[in-house]
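# Overview (structure and organization)
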Amino acid sequence: MDIGIISSRYAKALLSYATERGDAAEVYRAMAVLSKSYLQVPALRDVLNDPVLPDDKKLAVLITASGETNSDSIKRFYQLVLRNHRISYIQFIANSLIQAYRKQEGVTYSHLVTSTTLDDHTIQRLKDIVKAQTKSKVEFELEQDPSLIGGFILEYDTYRFDGSVRGQLQRIKKQLVQAKE
């Protein structure tokens, strides 16, 4: 069976179960943390796929990698995944659940990269702009990158607005190269 099919089926089942139990938002947060843990700790995959490590230890690792969630839904789900030997799919399941939850709840994910820390008022104004454009709830992730020199990069849906000084310098450089040719 295809990884995508398996992952989306498990994700849909978990989301449905968690929604019925009233803890879908907590399950979503746990899966978002787990997804980030996979990106930040590449060895996580190796630990969870280790055939020698007992399932109770893998469960403890999953719960820790999910941000120490107290959700009974997520713990029971992890036990099911371990029992069915689907642990190798857990990262894909997490990503599928994140997408399904956002669709179900009408949430648009937005990523804002700035060169410096922004005040709350400016962040709220940018959230309002995205909310007005998408006509949905907005989940905002902030990141600082001093290499932007100044300005910001805002991404949501399929849109990307680069208002950074670094981006402007790159565009000018490209124009100079094209003009030279």
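That block above? That's the structure.
Notes on the structure in this doc start here. (Residues numbered from 1 in each chain as written. Predicted model: local features only at pLDDT ≥ 70, side-chain atom pairs only at ≥ 80, totals over all residues. Heavy atoms only, no water.)

Let us look at the sheet that holds strand 1 (residues 107-114). Ordered in space as 2-1-3-4, the four strands form an open sheet in which the pairing is mixed. In the strand order of this sheet, the two ends are held by strand 2 (137-144) and strand 4 (159-162), each with one partner. Between one strand axis and the next, the sheet turns through 15° on average, direction left out of account. Note: strand 1 against strand 3 (residues 152-156), five bridges, orientation antiparallel. Bridge assignment links Leu-112 to a residue of strand 3, and that residue is Leu-154. (Pairing = 2+ DSSP bridges. Helix = DSSP H or I, 4+ residues; strand = E, 2+ residues; numbered from the N terminus. Axes fitted to C-alpha atoms, helices over the stretch in contact; angles between N-to-C directions.)

If you walk through the whole model with that rule in mind, you get one cavity of 30 Å³ or more. Lining the largest cavity, in full, are Tyr-38, Arg-45, Asn-49, Ile-87, Ser-88, Gln-91 and Phe-92. Counting residues per element, the ones that place at least two in the lining of the largest cavity are helix 3 (43-49) and helix 6 (90-105). For the lining of the largest cavity, the per-class residue count stands at three nonpolar, three polar and one charged. (1 Å grid on protein atoms, 1.4 Å probe; cavity = no way out; pocket = protein on both sides within 12 Å on 5 of 7 lines; lining within 4 Å. Points joined across faces, edges and corners; volume = space filled by probe spheres on them. Nonpolar A, V, L, I, M, F, W, Y, C, P; charged D, E, K, R; others polar.)

Topologically, Ser-66 is positioned in the loop between helix 4 (55-65) and helix 5 (72-83). Residue classification places Ser-66 among the buried positions, given a relative accessible area of 3%. With sequence-adjacent residues up to four places away left out, Ser-66 is seen in contact with Ala-30, Val-33, Leu-34 and Tyr-78. (Buried < 20%, exposed > 50% of the residue type's maximum accessible area, 1.4 Å probe, protein only. Contact = heavy atoms within 4.5 Å.)

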